[in-house]
Amino acid sequence: MSVFTDEERRYLLSGVALGRLATVGADGTPHVVPTSYRYNQRHDTIDIGGHDFAARKKYRDVLRNAKVAFVIDDIASVNPWRARGIEIRGEAEVLDSGGAELGPGFAPQMFRITPKRIVSWGLEEQMSFKARSVH
Amino acid sequence: MALTTVTAFGHDVSPEEQTRMSFSDEEVAYLRSQRLARIATVASDGQPDVVPVGYEFDGTYLYVGGLDPVKTRKFRNVQAGNTKVALVIDDLVSADPWTPRYLRVYGTAELVDRRGRFGPAPYMRITPTISWSWNLAGSPFTHDREVRPRRTVHQAAAEQGASPVHTTAQHPHGGVP
């Protein structure tokens, strides 16, 4: 049983190339980076890896504070204006293997993000908006 | 300083250390060419939030508004005193060849009333403190090409407590929907 709606799962699998991941630095300053991602249907998680992953600020941030936010969004139509997307807030588990499967040349380390709060908009009809806590 | 090999987005790879007063002409042109930013804020319990936003840049500050912004998590996080924010503006010039680029801005946010397209409205006014730009020229990404992020410590951060250049924020046009 997924914590995502059917529309959300469809969007997560629709091939939007990039999301943006927010982490929190040691002094409380947020950090945000564009990144590729994979919706893991078996675990119902967002999996994120990358080149030299363990050398990244986001990796160091998550080792200190596992709370992250990840947003995937795009503009379905400019005229009429129709934006859509999904934000996932939750905790990132740091895995030491599996990351290499997420992209060519990717490091073994990866994040597995389990949603705690999901906000989505524009996925079903122009004005749709869903926000709820899960887990 | 040693050059470093760029990876998919060049994040965090030994940035070219620079202290300049503000954004470069190329960075300003990029800021003005893009439609959306993604802004990250932090709640008091350490939980970050990240959402797409329209933005405006008046040469000094970045402004983020919205239809009913006061109720949003990002506004509430700043209202609660967590004034440090981060924005990233990025796009894929081309997926093939893979050609990403970005401008990331760390800043300090305050909530202000400002005249936008629909009259006075609440806005988040962001004073840039540090920014990084990468590959704004839009060169195709390759593993054997070396590109360094361009890092800027902004005037407001370098001269803490300095008076802002503009004390009243007015702008002739409103935000992106």
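A brief report on the enclosed structure follows. Remember, predicted model here, so these are calculated numbers, not experimental data.

A short note on the overall build of chain B
Here is step 1 of the chain: Along the backbone of chain B there are three helices and eight strands.
Here is step 2 of the chain: When its helices and strands are written in sequence order, chain B yields α-β-β-β-β-α-β-β-β-β-α.
Here is step 3 of the chain: Within chain B, buried positions represent 54% of all 177 residues.
Here is step 4 of the chain: Partitioning the intrachain contacts of chain B with sequence separation of at least 6 by distance along the chain shows that 64% fall at a separation of at least 24.
Here is step 5 of the chain: Only carbon and sulfur atoms are counted for the fraction: they give 51% of the accessible area of chain B, which is about 8300 Å².

A short note on the side chain of R38 of chain B
Here is step 1 of the chain: Mapped onto the fold, R38 of chain B is located in strand β1 (residues 36–42).
Here is step 2 of the chain: Not counting chain neighbours up to four residues away, the residues in contact with R38 of chain B comprise R20, V32, V71 and D73 of chain A together with V50, V51, P52, A86, L87 and V88 of chain B.

A short note on the pattern of salt bridges
Here is step 1 of the chain: Within this structure, the stated rule accounts for 17 salt bridges over all chains.
Here is step 2 of the chain: The salt bridge involving R38 of chain B is made with D73 of chain A; its shortest N-O contact spans 2.6 Å. Taken as a pair, R38 of chain B in strand β1 and D73 of chain A in strand β5 (residues 67–77) lie in two separate chains rather than in one. Each member of the pair, R38 of chain B as well as D73 of chain A, carries the same accessibility label: buried.
Here is step 3 of the chain: One salt bridge connects E56 of chain B with R114 of chain B, and the closest N-O pair in it is separated by 3.1 Å. Taken together, the residues E56 of chain B in strand β3 (residues 56–57) and R114 of chain B in strand β6 (residues 98–116) connect sequence positions 58 residues apart.

Points about the nonpolar core
Here is step 1 of the chain: Counting residues in hydrophobic clusters, the biggest one holds 26 residues, and the most contacted among them are I46, I48 and I113 of chain A.
Here is step 2 of the chain: Judged by nonpolar contacts, the second largest core, of 23 residues, contains L31, F57, V78 and L87 of chain B.

A word on the interface of chain A and chain B
Here is step 1 of the chain: Residue-level contacts link 33 residues of chain A with 35 residues of chain B.
Here is step 2 of the chain: Here chain A is connected to chain B by four salt bridges.
Here is step 3 of the chain: Note that D90 of chain B is salt-bridged to R20 of chain A, the shortest N-O span being 2.6 Å.
Here is step 4 of the chain: Summed over the shared surface of chain A and chain B, the result is nine residue pairs in polar contact (both at pLDDT 80 or more).
Here is step 5 of the chain: Those elements giving two or more residues to the side of chain A that touches chain B turn out to be β1 (19–24), β2 (30–35), α2 (57–64), β5 and β6 (82–95) of chain A.
Here is step 6 of the chain: Per element, the largest residue contribution to the side of chain A that touches chain B is seven residues, and it comes from β5 of chain A.
Here is step 7 of the chain: Residue composition of the side of chain A that touches chain B, by class: 16 nonpolar, seven polar and 10 charged.

Quick look at the pairing of strand β5 (residues 84–95) of chain B
Residues and elements named next belong to chain B.
Here is step 1 of the chain: Direction of pairing for β1 relative to β5: antiparallel, over a ladder of three bridges. Considered in β5, the bridge of I39 is made with L87.
Here is step 2 of the chain: With 11 bridges connecting them, β5 and β6 associate as antiparallel partners. Bridged to L87 within β6 is V105.
Here is step 3 of the chain: Linkage of β5 to β6, two consecutive antiparallel strands, is achieved through a turn of two residues.

Digging into the packing of aromatic side chains
Here is step 1 of the chain: Summed over the entire model, instances satisfying the criterion amount to 10 aromatic pairs over all chains.
Here is step 2 of the chain: Consider the rings of Y37 of chain A and F70 of chain A, whose centres lie 5.5 Å apart with planes at 65 degrees: the pair is edge-to-face. One end of the pair, Y37 of chain A, is in the loop between β2 and β3 (38–40); the other, F70 of chain A, is in strand β5, and 33 residues separate them in sequence. Considered together, Y37 of chain A and F70 of chain A belong to a single accessibility category, that of buried residues.
Here is step 3 of the chain: Measuring from ring centre to ring centre gives 6.2 Å for Y61 of chain B and Y63 of chain B, while their planes differ by 70 degrees; the resulting arrangement is edge-to-face.
Here is step 4 of the chain: Ring pairs connect the aromatic residues F53, Y59 and F111 of chain A, which therefore count as one cluster.
Here is step 5 of the chain: Over the ring of Y123 of chain B we find R114 of chain B, and its NZ or CZ is 4.6 Å from the ring centre.
Here is step 6 of the chain: Sitting over the face of the ring of Y61 of chain B, R125 of chain B holds its NZ or CZ atom 4.5 Å from the ring centroid.

Some words on the environment of P140 of chain B
All names here are of chain B.
Here is step 1 of the chain: Mapped onto the fold, P140 is located in the loop between β7 (119–134) and β8 (150–153).
Here is step 2 of the chain: Since its relative accessible area comes to 41%, P140 is described here as partly exposed.
Here is step 3 of the chain: Considering only alpha carbons, one finds P140 and V88, 52 residues apart in sequence, at a separation of 20 Å.

Concerning unusual backbone geometry
Here is step 1 of the chain: With omega at 5 degrees, the peptide bond leading from N79 of chain A into P80 of chain A counts as cis.
Here is step 2 of the chain: With respect to the helices and strands, P80 of chain A occurs in the loop between β5 and β6.
Here is step 3 of the chain: The omega angle of the peptide bond from D96 of chain B to P97 of chain B is 5 degrees, so this bond is cis rather than trans.
Here is step 4 of the chain: Positive phi outside glycine occurs at N135 of chain B, with the angle close to 60 degrees.
Here is step 5 of the chain: When you line up the elements, N135 of chain B lands in the loop between β7 and β8.
Here is step 6 of the chain: Taking relative accessible area as the criterion, N135 of chain B reaches 9% and is therefore assigned buried.

How each quantity is defined
- Residues numbered from 1 in each chain as written.
- Chains lettered and ligands numbered in written order.
- Predicted model: local features only at pLDDT ≥ 70, side-chain atom pairs only at ≥ 80, totals over all residues.
- Heavy atoms only, no water.
- Helix = DSSP H or I, 4+ residues; strand = E, 2+ residues; numbered from the N terminus.
- Buried < 20%, exposed > 50% of the residue type's maximum accessible area, 1.4 Å probe, protein only.
- Contact = heavy atoms within 4.5 Å.
- Areas by Shrake-Rupley, 256 points an atom, 1.4 Å probe, with all protein chains shown as cover.
- Salt bridge = Lys/Arg side-chain N within 4 Å of Asp/Glu carboxyl O.
- Core = buried A, V, L, I, M, F, W, Y, C linked by side-chain atoms within 4.5 Å.
- Polar contact = N/O pair within 3.5 Å; in protein donor to acceptor, adjacent residues only side chain to side chain.
- Nonpolar A, V, L, I, M, F, W, Y, C, P; charged D, E, K, R; others polar.
- Pairing = 2+ DSSP bridges.
- Phe/Tyr/Trp six-rings, centres within 6.5 Å; stacked < 30°, edge-to-face > 60°.
- Lys NZ or Arg CZ within 6 Å of the ring centre and 35° of its normal.

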